[in-house]
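# Observations on the model geometry
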Amino acid sequence: MARTWAAGKQWSETMQWLRKVVSLKVGLDPSRDRIFADLRGTHEFESIAAAVRAVTPPVSHSSSAFRIKEGDLVPESVAYDPRGKQFYFGSMRKGKVIRCSASEDCTQFATGLGVVLGLKIHGDGLWLLNNSDKESTLIHYDVGSRREVSRYKLTGAGHTFNDLTIGPSGEVYLTDTPAGAVWYLVNGSTDLARLPGRFEFANGITLSPDAKLLYVSTFPDGMIIVDLKTQKAHPIVHPTNLCLATIDGLYFYHGSLIAIQNAFMTPRVVRFTLTRDLLAIQRFEVLERRNPIFEGITTGVIVGRDFFYMANIQDDKKAGFDPITILKLRL
């Protein structure tokens with residue numbers, strides 16, 4: 001509601017709703033939203049920003065794992081190959097994928113791409129989501145040879161393949177953000193199919209270990225669970241003091257979900273502990289928040305008991321890039 005009033009430059013009503021935002025104490029941070037730019041510097045807005053900071057103090061459990069010297073890579077996603085012990089990063093600006101060791105040795109893996117978003121390793125394959133003005137494509141590469149194995153595309157405007165998850169049998173599920181859709185590829189199929197229903201601004205996506213439940217983050221405040229046997233979907237039940245807004249990366253880990261929240265949420269990494277039936281969130285814990293080096297956090301990857309994630313992709317910058325820091329968080 002505050003954003004709606006701000007879009008019309010109705011500042012009195014905007015501030016009225018922003019005061020309600022602060023009273024929720026759930027981590028929403030209007031100082032991070034460009035739509036409120038005209039209010040920055042005013043006494044009332046700055047007092048609201050200060051109140052948000054007071055109820056969302058820093059939480060620090062991460063340590064530095066390694067850095068990528070190519071600071072202007074602007075990677076949106078990261079994947080890990082346990083066989084080769086290599087991390088893979090796709091560039092949103094340079095149309096390529098690089099792979100790096102934890103000792104900071106990086107080499108080029110693939111070029112000639114568009115906007116690379118989601119990445120996942122499955123077996124000896126790297127699966128990535130590539131986007132251009134005219135098509136969105138799921139591409140499968142062989143890790144060893146770096147050769148393209150197959151691709152599956154949608155043409156026309158209105159599609160952006162964002163993130164993906166892969167089941168134990170090789171089935172691929174991916175989010176299409178502007179279309180509000182989730183597509184899937186059955187192992188051995190030549191075409192993408194669409195799950196029924198609408199997933200508003202679908203982004204992060206993950207599977208339960210038995211591949212029976214699919215979790216999809218939606219905008220502005222939600223997460224949808226899909227029973228893949230019946231293909232029925234419903235919002236996840238969660239505590240009233242938990243805001244699920246703007247979840248980007250989403251990962252299943254030992255009966256819980258690990259999520260990265262950004263945009264107009266205070267940037268944070270959170271663990272959502274699920275009920276035994278995996279259908280509801282029973283409690284949550286902030287694992288990292290307001291790290292001083294945060295400058296664009298989007299996604300990560302779970303390696304054993306550790307969660308590796310990018311702290312500063314710097315997607316708002318045009319110049320003056322710093323090396324990209326990969327943080328490690330013990331789960």
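Residues numbered from 1 in each chain as written. Predicted model: local features only at pLDDT ≥ 70, side-chain atom pairs only at ≥ 80, totals over all residues. Heavy atoms only, no water.

On to the overall build of the chain, then. When helices and strands are tallied, the chain shows 3 helices and 24 strands. Taken over C-alpha atoms, the radius of gyration comes to 20 Å for the chain, in line with the 20 Å a tight globule of 331 residues would show. Considered along the principal axes of its C-alpha atoms, the chain spans approximately 60 × 50 × 40 Å. Burial statistics for the chain: of 331 residues in total, 54% are counted as buried. Taken as a whole, the chain presents about 15,000 Å² of accessible surface, with 50% of it coming from carbon and sulfur. If you average the places of the 39 positive and of the 34 negative side-chain charges in the chain, the two averages end up 2 Å apart. (Helix = DSSP H or I, 4+ residues; strand = E, 2+ residues; numbered from the N terminus. Rg over C-alpha atoms; globule rule 2.2 N^0.38 Å. Buried < 20%, exposed > 50% of the residue type's maximum accessible area, 1.4 Å probe, protein only. Areas by Shrake-Rupley, 256 points an atom, 1.4 Å probe, with all protein chains shown as cover. Lys, Arg positive; Asp, Glu negative; His and termini not counted. Charge placed at Lys NZ, Arg CZ, Asp CG, Glu CD.)

Okay, the side chain of Arg271 next. The topology assignment puts Arg271 in strand β20 (residues 268–274). Polar contacts involving the side chain of Arg271 include one to the main-chain carbonyl oxygen of Leu331, which spans 3.1 Å. Not counting residues up to four positions away in its chain, the partners in contact with Arg271 are Tyr253, Ser256, Leu257, Ile258, Arg283, Phe284, Glu285, Leu287 and Leu331. (Polar contact = N/O pair within 3.5 Å; in protein donor to acceptor, adjacent residues only side chain to side chain. Contact = heavy atoms within 4.5 Å.)

Spatially, the 4 strands line up as an open sheet ordered β18-β19-β20-β21, and their pairing is antiparallel. The outermost strands of the open sheet, each flanked by one partner alone, are β18 (247–253) and β21 (281–289). Each strand axis lies, on average, 20° off the axis of its neighbour in the sheet, ignoring direction. Bridge count between β18 and strand β19 (residues 256–261): 5 bridges; the pairing is antiparallel. Pairing of Ile247 across the sheet is with Gln261, part of β19. (Pairing = 2+ DSSP bridges. Axes fitted to C-alpha atoms, helices over the stretch in contact; angles between N-to-C directions.)

For the rest of this paragraph, the subject is unusual backbone geometry. Although it is not a glycine, Ala211 sits at a positive phi angle of roughly 60°. When you line up the elements, Ala211 lands in the loop between β14 (205–207) and β15 (213–218). Phi is positive for Arg290, which is not a glycine, with a value near 55°. Within the element layout of this structure, Arg290 appears in the loop between β21 and β22 (300–303). Assessed through its relative accessible area of 23%, Arg290 is described here as partly exposed.

Turning next to the sheet that holds strand β6 (residues 115–122). With antiparallel pairing, the 4 strands of this open sheet are ordered in space as β6-β7-β8-β9. Each edge of the open sheet is held by one strand with a lone partner, namely β6 and β9 (148–155). Sheet twist, expressed as the average angle between the axes of neighbouring strands with direction ignored, equals 15°. Note that strand β7 (residues 125–131) and strand β8 (residues 135–142) share 7 bridges and pair antiparallel. Following the sheet pairing, Asn130 is matched in β8 by Thr137.

Treat this as a map of the structure, not an account of what it does.
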